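The lines below spell out each chain.
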Amino acid sequence: PVYLISRRALSPGLSAAASIAVLLVPAVAYQNIYDFAPLSLAGFPLLFAIYYFLEGRFRPFLIAIFFTQIVREDLVFAVFGLGLLALWQRRPARWVAVPCGFALFWAVLSWKIVFPYFLQGSTSAVASCFAYLGNTPVEMVRQIPHHARTLLSRYNLIYTKQMVDSFGGLLFLGSPAWALSLPYMAINLLGQEGGCNTAMVYRHYSLIPAVFLFASFLMSVEKVTAYVKARGKDPYFAQAGMVLFVLAAAITSLVFVTGRPQAEDLRSRPWHDEARAVAALVPEGASVAAPRYLLPSLANRGQLYQSLRLLEYHNPDVEFVILDKDWNRMAATGQWRANYLALENILARHHEYSRIYDSPGYSVYRRCEGCAVDLKRWASEGPAHD
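Read on for an overview of the structure.

Calculation criteria
- Residues numbered from 1 in each chain as written.
- Predicted model: local features only at pLDDT ≥ 70, side-chain atom pairs only at ≥ 80, totals over all residues.
- Heavy atoms only, no water.
- Helix = DSSP H or I, 4+ residues; strand = E, 2+ residues; numbered from the N terminus.
- Buried < 20%, exposed > 50% of the residue type's maximum accessible area, 1.4 Å probe, protein only.
- Contact = heavy atoms within 4.5 Å.
- Areas by Shrake-Rupley, 256 points an atom, 1.4 Å probe, with all protein chains shown as cover.
- Patch = residues over 30% accessible without salt bridge, like charges linked within 9 Å, V, L, I, M, F, W, Y side chains within 5 Å.
- Salt bridge = Lys/Arg side-chain N within 4 Å of Asp/Glu carboxyl O.
- Expected span 1.5 Å × (residues − 1).
- Core = buried A, V, L, I, M, F, W, Y, C linked by side-chain atoms within 4.5 Å.
- Pairing = 2+ DSSP bridges.
- Axes fitted to C-alpha atoms, helices over the stretch in contact; angles between N-to-C directions.
- Polar contact = N/O pair within 3.5 Å; in protein donor to acceptor, adjacent residues only side chain to side chain.
- Phe/Tyr/Trp six-rings, centres within 6.5 Å; stacked < 30°, edge-to-face > 60°.
- Lys NZ or Arg CZ within 6 Å of the ring centre and 35° of its normal.

### Quick notes on the overall build of the protein chain
- Counting its secondary structure elements, the protein chain contains 17 helices and five strands.
- When its C-alpha atoms are laid out on the principal axes, the protein chain stretches across 85 × 45 × 40 Å.
- By residue count, 46% of the 386 residues in the protein chain fall in the buried class.
- A separation threshold of at least 6 residues defines the contact pool for the protein chain, and within that pool the share at least 24 residues apart is 68%.
- Per element, the accessible surface of the protein chain, about 20200 Å² overall, is 61% carbon and sulfur.

### Describing a nonpolar patch on the surface
- On the surface, Val108, Ile113, Val114, Tyr117 and Phe118 cluster together to form a nonpolar patch covering roughly 530 Å² of accessible area.
- Here valine 114 shows up in helix H7 (residues 93-119).

### Focus on helix H2 (residues 12-24)
- Spanning 13 residues, H2 covers 19 Å between terminal C-alpha atoms, matching the ideal 18 Å at 1.5 Å per step.
- Within H2 the residues assigned to the buried category are Leu14, Ser15, Ala17, Ala18, Ser19, Ala21 and Val22.
- Of the surrounding secondary structure, the elements contacted by the buried residues of H2 are helix H1 (2-6), helix H3 (26-29), helix H12 (207-230) and helix H13 (236-257).

### Let's talk about the nonpolar core
- Counting 69 residues, the largest nonpolar core has Ile50, Phe61, Phe212, Phe214 and Phe217 as the members making the most contacts within it.
- A per-element tally of this core places H12 first, with 12 residues.
- Residues within four places of phenylalanine 61 in sequence aside, it is in contact with Ala49, Tyr52, Phe53, Leu82, Trp95 and Pro99.
- Residues Leu323, Trp327, Ile346 and Tyr365 belong to the second largest nonpolar core, which totals 20 residues.

### A closer look at H12
- In a regular helix each residue adds 1.5 Å, so 24 residues correspond to 34 Å; H12 covers 35 Å between its end C-alpha atoms and thus fits that length.
- Among the 24 residues that make up H12, 18 are buried, leaving the element largely enclosed by the rest of the structure.
- Positive backbone phi, at 75°, marks glycine 232, one or two positions downstream of H12.

### Points about the sheet that holds strand S5 (residues 362-367)
- Read from one edge to the other, the open sheet built from five strands follows the order S2-S1-S3-S5-S4, with strand pairing classed as mixed. Looking at which strands have only one partner, the edges of the open sheet turn out to be strand S2 (304-306) and strand S4 (353-358). The mean angle between the axes of side-by-side strands here comes to 20°, regardless of whether they run parallel or antiparallel.
- Two elements, strand S1 (residues 288-290) and S2, share three bridges in a ladder whose sense is parallel. When the sheet's bridge partners are listed, alanine 290 is paired in S2 with glutamine 306.
- Helix H15 (residues 271-280) contacts strand S3 (320-324), S4 and S5 of the sheet and is inclined by roughly 5° relative to S5.
- Where helix H16 (residues 337-349) meets the sheet, its contacts fall on S3, S4 and S5, and the angle it forms with S3 comes to roughly 125°.

### Here's the deal with the pairing of S5
- Of all six residues in S5, five are buried, a share of seventy percent or more.
- Summarising the sheet, S4 and S5 pair through five bridges and their orientation is antiparallel. Following the sheet pairing, arginine 355 is matched in S5 by tyrosine 365.
- Between the end of S4 and the start of S5, which pair antiparallel, lie three residues.

### A few points about the pairing of S3
- Counting buried positions along S3 yields five of five residues, so the element is predominantly enclosed.
- Burial along S3 is two-sided: the residues Phe320, Ile322 and Asp324 and Val321 and Leu323 are all buried.
- Where S1 lies against S3, two bridges are found, and the strand directions are parallel. From the neighbouring strand, valine 288 faces S3, where its bridge partner is phenylalanine 320.
- Relative to S5, S3 is paired through five bridges, and the arrangement is antiparallel. Bridge pairing links aspartate 324 to tyrosine 362 in S5.

### What about the side chain of serine 287?
- Summarising the element assignment, serine 287 is placed in the loop between H15 and S1.
- At a separation of 2.9 Å, a polar atom in the side chain of serine 287 contacts the main-chain carbonyl oxygen of aspartate 317.
- Ignoring anything within four residues of it in the chain, the contact list for serine 287 reads Gln303, Asp317, Val318, Glu319 and Phe320.

### Brief notes about the packing of aromatic side chains
- Within the structure shown, the criterion is met by 24 aromatic pairs.
- For the ring pair tyrosine 51 and tyrosine 52, a centre distance of 5.3 Å and an interplane angle of 55° mean the geometry is tilted. Considered together, tyrosine 51 and tyrosine 52 belong to a single accessibility category, that of buried residues.
- Between tryptophan 327 and tyrosine 340, the aromatic rings sit 5.9 Å apart at their centres with planes inclined by 55°, giving tilted as the arrangement. Remark: tyrosine 340 occurs in helix H16 and tryptophan 327 occurs in the loop between S3 and H16; sequence separation between them is 13 residues.
- For tryptophan 327, a relative accessible area of 15% puts it in the buried group.
- Classification of tyrosine 340 by relative accessible area gives buried; the value is 5%.
- Geometry around tryptophan 95 places arginine 91 over its ring, the cationic atom sitting 4.8 Å from the centre.
- Over the ring of tyrosine 155 we find arginine 154; its NZ or CZ atom is 5.7 Å from the centre of that ring.

Here it is as structure tokens:
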């Protein structure tokens, strides 16, 4: 879709260069090497939605925004934003009403019906990132001005700089489409204070704003092309200058945010073999909690949990629990460590779980057959005794 958008104004060669550039923007490139998140799937249909929007093809546009929206609930901001962009461009009413109405419907369905039903009174892990602002959306909005220091923190300034670096800080400003990135930038910046560590350009949360910034850059190239042509000049050199600059900036930015820790994450380690062997101990279909880096090896079952956050789930039903004894391999913030240690204590002291594997690196626990276990109740009671 990036190539198709580029071809609206650029030659095949420059369009290919633009496609390579977007793949090398750190927020996009790291979707392939950071831990998986469903939001990583949104870039492809969203870019097609933008392409069909620019082409004025309404039915394919509707299909694209539908597949964009089903990825995750907060993409209502992207879909609604495309409706507002249509209003800005004074398009026919359907271009405004349908995406805005669809986004509002999906927001109500998600946050007022689906979430309350399945959470059953518990707190969403994502909501906990913003709990410091308040308990309701109105409270959160009111509290934002009181946390200006958070928004202007060193990490957030670095994050903002890295997001716009690939575009020279301003090459996307020729189109109002860049404003559609603002809700996602705000979410990422506000989440930092809540311990979600979203102020890192290679996190999956940065994909959506990066898509909008790049699309806005390509729309800006179109405007520059039209301006140069109107003056009777060949736009190729202006186009090439903008595209090649962004390509070079994307490569440079990627180099600067990729250091030794990131390179080390991609290398095979001695403990990888044991991790795969531990995962193989769990029968197909059995419910299991495991370190998140093992979740892909244990997929395709009805109940799969992160052992790191097992005590936060609502009524977890877990037959097997895999614990990694090396906290550093968990790649998690310290706020989850207390729960993780509490879980280890629970499993070691309650007879309903027996240890079937133990080594310096891992422990694997299995629940007794037919046992009913309330892990949250055990956790609230404190350390158990034999």
